[in-house]
Every structure is written in structure tokens, then in C-alpha cells.
Number of protein chains: 4
Amino acid sequence: MAQTAPDTLAQSRYAACIEACNACAATCDFCSAACLREDDVAHMARCIALDMDCAAICRLAAAAMARESAHVSEICQLCARMCDACAQECKKHQHAHCQDCAKACERCAQMCREMAAA
Amino acid sequence: MAQTAPDTLAQSRYAACIEACNACAATCDFCSAACLREDDVAHMARCIALDMDCAAICRLAAAAMARESAHVSEICQLCARMCDACAQECKKHQHAHCQDCAKACERCAQMCREMAAA
Amino acid sequence: MAQTAPDTLAQSRYAACIEACNACAATCDFCSAACLREDDVAHMARCIALDMDCAAICRLAAAAMARESAHVSEICQLCARMCDACAQECKKHQHAHCQDCAKACERCAQMCREMAAA
Amino acid sequence: MAQTAPDTLAQSRYAACIEACNACAATCDFCSAACLREDDVAHMARCIALDMDCAAICRLAAAAMARESAHVSEICQLCARMCDACAQECKKHQHAHCQDCAKACERCAQMCREMAAA
């Protein structure tokens, strides 16, 4: 492992996927809080719950990749599935924060799948 | 609060500081793992410990800002102090990952201080 | 530091405070999800947001104490203030999960204050 | 879901598994920091890295269960595998914190497997 290890984060093969995970986490966190301010908050309950789930796994995946964890592949697979679930729910809602969140989740899911397959 | 709330994360006054916190967290996580692979790992123990501390508070700060938390100011002040401590230690080591980490910590500390003062 | 370091978590002076933080985090997470299932979810929005804040800092505080972090005192002080804010809001609501959460937050705040003062 | 939802965390079917995850996370965090203080820290590098991984997924699992997440089963399965990996490494080391950690990981893995199968 030592001989192939990168010297800086920028050199890491995970750099782009870490950014996608961090962007997705922040977008999910933002969406959860914005949903709580909507008039139809009861209608947004499932979206809020999935946002919380998705933000948590995205942050864990970003940290695991940054630490070159031995479990990156499994974590990224789970992250992709949880991003899918959040994207599917967010897409149903016309709020700008939900539409934004669906896009961030879909991008993160795709990058995590590519990472898990590499 | 509702009338001034942004519709998307990109509109959030916190967007740049969230990115700085996420970048700092990933750089700290990377540095901790890279330090563990160094020959002089015993010499890096304090750096690893501060990296872990700093990564954790940076991720919490990013999440709090994304959720427009009522505690953003206090959290960013603490984050800035913990970034300072990590930067100070990282600066002592010539490894590329430590030098990189010191820069990310200093940038994050500055942005968190500006955010806390705003 | 090395000579006074405990050999096991059970010997750590932080053991009881870690448990209080973990209990508080889980109670806050539970409360946030339970609030989302309530009929008056719009009325619970602030409670949900503070639950999320409090759960996050309690988990960070537990981890920092377990790692014998150099920043334990500052973190526990912030954790205590965020527990106070969550307890104050939870107390306003008669739901069993809110009343439970207020108690867990008050206990955690007190233990964190004692830890920060030690 | 609403009709079967528990009113308090103590009533949750997840309560015992959450405690096992929190105990495991704290024990892993403690072990990672204690390993960094050992004379043979280079020999402990893999243990430290797996401790960090395991602590992170245990905290995420505890939070997901507390929030009655739709993804509990998948998360607990991954948590069990990451606990296994950490236990296997910790067992190799005679330090009290490593032996303690192996036990906490094994207990957590078993409880997460039972939860995922339920």
C-alpha cells in the first residue's frame, strides 16, 4: 500500500468523489432545514428523514475515502443506494432545494458507483 | 427567519465557508492516514490526534451552516481555534500532506472567524 | 500526558460524561424523527432543528473525550450550551419524546459543565 | 409506520443495539488514541486506521437506528462487517485497550447482525 499511496489529497484517486460526497451532504443538510421552513412541512417529512440519512452516509464516505480506508468500496456502494433513495423522494417536490438535492444525490450516487467498481 | 432564508445552498451566505470546512476536513483526514504510513509515525502522533479533532469539528461546522443552525457563530469560533491548533502542529512537519493540511486549516480558520463575526 | 493516561475506557475520567453524551445524542435523534411523525409537525420544526444540532455536538463531544482530545474543555462547554437550547425548546412540548429529550439534554449539559470545569 | 412507532427511545426495538454501537464507537476512539501513545505506534498503524473506520460507522448506525431510518438493515450489515475487521486486528495486540476494543467490536457485530436479520 505504501508505495502507491498519494502524497497529497489532490493526488488521491478519491478527490473528485470526496467533493461529490461533501457537496451532496451539504445539499441534503440544506434541503432538510429548508423543508422544515416550508408551509407543507408535514408533506416533506419523508424528504427530511432521507436527507438526514443521506447527509450522514455522504460525510462518512468522504472521510473514509480521505483516510484511504480499507472499506471504501462497501461504503461507497451503500452511499450510492442511500443517495438513490433520497434523489427519488426529492424529485417529487418542486421546491428549488429539493430539485437541487435530487441532482446532487444523483451525481454522488454515480461517482460512488464508479469508485466502488474501480 | 423565513423571509431571509435562501432557496438553494448556492445562495447561502455560508456556501464558501462550508466548502472551506469540507476541504479542511478531507485534508485533515488524509493527513492523519498519511502520517500513519510515515516511517517516523511516533513523531507524528500529536499531528494525527489534532487532525482527527479538526476533521470532526470541520464536518460538524459544515453541517451546521448547511442547516442554518442557530449555533453557527459559536461553532465557527470553536472550529477556528481547533484549526489553529492543527495548523500550528502540521507546520512543524515537512511532509507534503502536513504542509497542505496547515494551509487548509489556516484558510478554514480565517473563513470561520469571518463567519462568526458577521 | 502518557503517565496519567488510562489503559481502558472504563478507567477514563470521561467515561460517565461520554455515556451522557451518547444517551443525549440518541434521544435527540429519536425525538427529531418522532417529531416528524407528529400531526403538528410544523409546530415541531424548531424542536427538530435543535435536536439535530444537539445530537451532532453530543456525538462529537463523546468522540473527543474518548480520544482524550486536547480540546475537551472547550467542546464540552459548547455542548452544554447547545444542550441547554434543545432542552428549553423540548420542554415546551408535551410529547413523551420531547419530555424525555429535555431530561437527557439537561443531564448531559450538567455533566459537560462539570467536565469542562474539572 | 406511524401506528407501530415507539413513543420513547427506551421503547425502541433498537435501544440495545444503539447502546452497543455507542459503546463500540467510544471504545474504538479510545483505542485509537491509546495506540498513538504506545511505544510501538508504527506496529499499531493498522489498528488505529480500523478503529477510526469502526468508530465512524458505529456512530452512524446508532444515529440511523435512533432516527428509525429506512436504511437500518443495510447500515447494520455494513457496521457488523467493519466491526469484524476491527476486532480481528485488535485481537492481535496485547494492550488492554486493544483487547477491550476487540470485545466491544464482537458484541456490536453480533447485535448489528441480529438487528439486520430482524
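Criteria and thresholds
Residues numbered from 1 in each chain as written. Chains lettered and ligands numbered in written order. Predicted model: local features only at pLDDT ≥ 70, side-chain atom pairs only at ≥ 80, totals over all residues. Heavy atoms only, no water. Helix = DSSP H or I, 4+ residues; strand = E, 2+ residues; numbered from the N terminus. Expected span 1.5 Å × (residues − 1). Buried < 20%, exposed > 50% of the residue type's maximum accessible area, 1.4 Å probe, protein only. 1 Å grid on protein atoms, 1.4 Å probe; cavity = no way out; pocket = protein on both sides within 12 Å on 5 of 7 lines; lining within 4 Å. Points joined across faces, edges and corners; volume = space filled by probe spheres on them. Nonpolar A, V, L, I, M, F, W, Y, C, P; charged D, E, K, R; others polar. Least-squares fit on C-alpha atoms with pLDDT ≥ 70 in both. Contact = heavy atoms within 4.5 Å. Axes fitted to C-alpha atoms, helices over the stretch in contact; angles between N-to-C directions. Left-handed = near helix turned anticlockwise from the far one by under 90°. Disulfide = S-S within 2.5 Å. Buried area = accessible area lost by both parts, 1.4 Å probe. Salt bridge = Lys/Arg side-chain N within 4 Å of Asp/Glu carboxyl O. Polar contact = N/O pair within 3.5 Å; in protein donor to acceptor, adjacent residues only side chain to side chain.

### Describing helix α1 (residues 15–37) of chain D
Because the α-helix completes a turn every 3.6 residues, residues three or four places apart line up on one side.
And step 1. Helix length check: α1(D), at 23 residues, gives a terminal C-alpha distance of 34 Å against a target of 33 Å (1.5 Å per residue), a fit within 8%.
And step 2. Among the 23 residues that make up α1(D), 18 are buried, leaving the element largely enclosed by the rest of the structure.

### Notes on empty space enclosed by the protein
Unfilled space is identified by rolling a water-sized probe across the atoms.
And step 1. Using the criterion set out here, one finds two cavities of 30 Å³ or more in the structure.
And step 2. There is about 1,000 Å³ of room inside the largest cavity.
And step 3. In terms of lining residues, the largest cavity is bounded by 32 residues, among which A:R59, B:R59, C:A56, C:R59 and D:R59 are the most central.
And step 4. When grouped by side-chain class, the residues that make up the lining of the largest cavity number 20 nonpolar, no polar and 12 charged.
And step 5. Within this model, the second largest cavity holds a volume of roughly 30 Å³.
And step 6. Taken together, A:A49, A:M52, C:S32, C:A33, C:L36 and D:R67 make up the lining of the second largest cavity.
And step 7. Residue assignment for the lining of the second largest cavity shows that the elements contributing at least two residues are α2 (45–66) of chain A together with α1 (15–36) of chain C.
And step 8. For the lining of the second largest cavity, the per-class residue count stands at four nonpolar, one polar and one charged.

### Observations regarding the relation of the copies chain C and chain B
And step 1. You can overlay chain C on chain B at an RMSD of 0.0 Å; the transform is a turn of 180° with a shift of 0.0 Å along its axis. Here the symmetry operator amounts to a two-fold rotation axis.
And step 2. The share of interface residues of chain C whose copies in chain B are also at the interface is 100%, consistent with both copies meeting through the same surface.

### Quick word on the packing of helix α2 (residues 45–66) of chain D against helix α4 (residues 96–117) of chain D
Residues and elements named next belong to chain D.
And step 1. Taken N-terminus to C-terminus, the directions of α2 and α4 make an angle of 35°; their axes are 12 Å apart at the nearest point. Crossing geometry of α2 relative to α4 is assigned as left-handed. Seen from α2, the contacting residues are C47, D51, C54, C58 and M65; seen from α4, they are C98, C101, C105, C108 and M115.

### Let's talk about the relation of the copies chain A and chain B
And step 1. With an axial shift of 0.0 Å and an RMSD of 0.0 Å, the rotation relating chain A to chain B amounts to 180°.
And step 2. A high fraction, 100%, of the interface residues of chain A reappear at the interface in chain B, so the copies pair face to face through one surface.

### Observations concerning the state of the cysteines
And step 1. The final tally for this structure, using the stated rule, is zero disulfides over all chains.
And step 2. D:C31 carries a free sulfur, and the closest cysteine sulfur to it, the one in D:C98, is 3.8 Å from it.

### Some details on the interface of chain C and chain B
And step 1. Facing the 17 residues of chain C at the interface are 17 residues of chain B.
And step 2. Between chain C and chain B, the buried area comes to about 1,400 Å², and carbon and sulfur atoms account for 64% of it.
And step 3. Where chain C meets chain B, there are four salt bridges.
And step 4. Here C:R81 and B:E74 are joined by a salt bridge, their closest N and O atoms 2.3 Å apart.
And step 5. Linking chain C with chain B are six residue pairs in polar contact (both at pLDDT 80 or more).
And step 6. At the level of secondary structure, the elements contributing two or more residues to the side of chain C that touches chain B comprise α2 (45–66) and α3 (72–90) of chain C.
And step 7. By residue number, the principal contributor to the side of chain C that touches chain B is α2(C), which donates seven residues.
And step 8. Broken down by class, the residue content of the side of chain C that touches chain B amounts to 11 nonpolar, two polar and four charged.

### What about the interface of chain A and chain B?
And step 1. Taken together, the contacts link 25 residues of chain A with 25 residues of chain B.
And step 2. Interface area, chain A with chain B, both sides summed: about 2,100 Å², of which 66% is carbon and sulfur.
And step 3. On the chain A side of the contact with chain B, A:F30, A:R37 and A:R59 bury the most area, a combined 29% of that side's loss.
And step 4. There are zero salt bridges connecting chain A and chain B.
And step 5. Summed over the shared surface of chain A and chain B, the result is zero residue pairs in polar contact (both at pLDDT 80 or more).
And step 6. Contributing elements (two or more residues each) for the side of chain A that touches chain B: α1 (15–36), α2 and α4 (96–117) of chain A.

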